[in-house]
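Coordinate inspection notes
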Amino acid sequence: MSATEVYLGDRRLRGDTGVDTGANTGADTGANTGADTESDEAAALRRLLTCLNSGQAFRVHPRAPFVLEIAGREAIECCTSGSSGQPKVIRRSRSSWTASFAVNRKLFAFAPSDRAAVFGALSHSLTLYGIAESHHCGLGLHLLHGLRPKTQIEQLNRHQISVIYATPTHLRMLSGPPVPSVRVVLCGGGRLDEATRAHVAQMFPRAELRAFYGASETSFVTLTDAQTPPGSVGRAYPGVTLEIRAAQDGVGEVWVQSPYLFDHYVDGESAATQRDEAGMTVGEIGRLDENGYLFLMGRRDRMVTIADRNVHPEALETLLATLLPDRLSAVTTWPDARRGHVLVAYIETGATAPPDDAWLRQEITKALGAIMVPRKIILTAQFPLLASGKPDLAAVTQAPPWP
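The following paragraphs examine the structure supplied in this document. (Residues numbered from 1 in each chain as written. Predicted model: local features only at pLDDT ≥ 70, side-chain atom pairs only at ≥ 80, totals over all residues. Heavy atoms only, no water.)

A tally of regular secondary structure across the chain gives nine helices and 25 strands. Across the 403 residues that make up the chain, the buried fraction comes to 53%. For the chain, contacts bridging at least 24 residues in sequence account for 57% of all contacts bridging at least 6. Total accessible area on the chain stands at roughly 17800 Å², and carbon and sulfur atoms take up 51% of it. (Helix = DSSP H or I, 4+ residues; strand = E, 2+ residues; numbered from the N terminus. Buried < 20%, exposed > 50% of the residue type's maximum accessible area, 1.4 Å probe, protein only. Contact = heavy atoms within 4.5 Å. Areas by Shrake-Rupley, 256 points an atom, 1.4 Å probe, with all protein chains shown as cover.)

How two aromatic rings sit relative to each other is set out by the distance from centre to centre and by the angle between their planes. A complete count under the given rule lists eight aromatic pairs for this structure. Note on F220 and Y237: the rings are 4.4 Å apart at their centroids and 10° apart in plane angle, and the pair reads as stacked. Residue F220 is located in strand β12 (residues 219–223), and its partner Y237 is located in the loop between β13 (235–236) and β14 (241–248); the two are separated by 17 residues in the primary sequence. Both residues of the pair, F220 and Y237, belong to the buried class. When the ring centre of F295 is taken as reference, the NZ or CZ atom of R287 above it lies at 4.2 Å. (Phe/Tyr/Trp six-rings, centres within 6.5 Å; stacked < 30°, edge-to-face > 60°. Lys NZ or Arg CZ within 6 Å of the ring centre and 35° of its normal.)

Read from one edge of the open sheet, five strands run β4-β3-β5-β6-β16, paired in mixed fashion. In this open sheet, the two edge strands, each paired with only one partner strand, are β4 (67–73) and β16 (264–267). When the angles between neighbouring strand axes are averaged without regard to direction, this sheet yields 25°. When strand β3 (residues 56–60) meets β4, the two strands line up antiparallel, connected through four bridges. Bridged to R59 within β4 is L68. (Pairing = 2+ DSSP bridges. Axes fitted to C-alpha atoms, helices over the stretch in contact; angles between N-to-C directions.)

As a further point, take the layout of surface pockets. Space inside the second largest pocket adds up to approximately 340 Å³. Contributing to the lining of the second largest pocket are 13 residues, with Q248, V251, I285, M303 and N310 lying nearest its centre. Secondary-structure elements contributing two or more residues to the lining of the second largest pocket are β14 and β15 (251–257). (1 Å grid on protein atoms, 1.4 Å probe; cavity = no way out; pocket = protein on both sides within 12 Å on 5 of 7 lines; lining within 4 Å. Points joined across faces, edges and corners; volume = space filled by probe spheres on them.)

Another aspect to go through is the side chain of D10. In this structure, D10 sits in the loop between β1 (6–8) and β2 (11–13). Taking the relative accessible area as the measure of exposure, D10 reaches 5% and is therefore buried. Side chain to side chain, D10 and H159 meet in a polar contact 2.8 Å long. (Polar contact = N/O pair within 3.5 Å; in protein donor to acceptor, adjacent residues only side chain to side chain.)

In this structure, L45, L48, F58, I131 and Y165 are the most contacted members of the largest nonpolar core, which totals 55 residues. The biggest single contributor to this core is helix α1 (residues 40–54), with seven residues. In this structure, F58 is in contact with L48, C51, L52, V67, L68, E69, I70, A75, I76, E77, R94 and L128, ignoring residues within four places of it in sequence. (Core = buried A, V, L, I, M, F, W, Y, C linked by side-chain atoms within 4.5 Å.)

Moving on: the packing of helix α2 (residues 94–107) against helix α3 (residues 125–137). Running from amino to carboxyl end, α2 crosses α3 at an angle of 65°, the nearest separation of the two axes being 10 Å. Between α2 and α3, the crossing angle belongs to the class labelled roughly perpendicular. The two elements α2 and α3 meet at a crossing, and its hand is right-handed. Contacts from W97, T98, S100, F101, N104 and R105 of α2 reach α3 at S125, L128, Y129, A132, E133, H136 and C137. When grouped by side-chain class, the residues that make up the contact of α2 with α3 number six nonpolar, five polar and two charged. (Parallel < 35°, antiparallel > 145°, perpendicular 65-115°, else oblique. Left-handed = near helix turned anticlockwise from the far one by under 90°. Nonpolar A, V, L, I, M, F, W, Y, C, P; charged D, E, K, R; others polar.)

Limitation: the analysis is restricted to geometry and does not speak to function.
Printed below as a string of structure tokens:
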């Protein structure tokens, strides 16, 4: 099957003839207004849909022309998020995604009457997955990347969108009247804190919010449900088997057996990614409870030693997201001659007053202990974001936090 209608902003893409000369939301769509021209993104989207229809292998990357045909059939190449280093290009088979299309069609009762929306750039793997799944299942498809949050809400209501693929950052930024037509929100690519859950419930009062954990290399690993306990990323997605290896007190490296895994890296590599005959890991550390719910501690390659204790910066990032739900934040580590490492927290201030430093340090101490209190808390007006919607740590930490 294929998507019945495809829109870029409020402009309809029409088969091989390019962009329809119909409605346009205005200058912030980024689309050209002439009937005989089209934006790079519109041309790339048409090229992507052609490849999906024909089975031609293709690569998606962050710069124009965005989508390129490559040698071979039924293969997809796309970039990782690059949140913990340089983005890498991975290759996967088309079947590694179509297998999950069948699962999701059943889980979420996808039907031709559904209309789906994606919020990220074409180069983001969640956006690419949402496009490919919507196209495969015959859903109407709307790309809302680049629109103002208020305009995105207008589009959701105008077109009666029922399925959303988004990151927590995309969801947090939405503002406007509720959208009662949305019935499924698939959220991945970052931590989903309670404040964002409450915001989603307000914006989409009739929607089922299903958060998933995965990586570009693994696709779906876990999926939340109504019984998921706080702090968990859910239970194994259908078809996935989880194993905790080299566990100490139940905590160890998360390994995955799955039909949804990638093939190999095309550009770049990751020392954290390992494979054997029984599965694969991307270096996440976690534990499984007695009901099979997975709790993540952090990535092995981000773990550092502070005063002879192993520390995961992600624990502080999770707490900051809870304490400061209306601000983006991130944590990095810096070498220290006495303690091994120290933590440095970056917090977005936006147009609001900065958080109280003493209060914040007190709350961190109470929740995580003194060892997790950052050496410095650096306030930044606005976070630069990756295509995935995650904070761009490489950009925000270009200068050391002290002389």
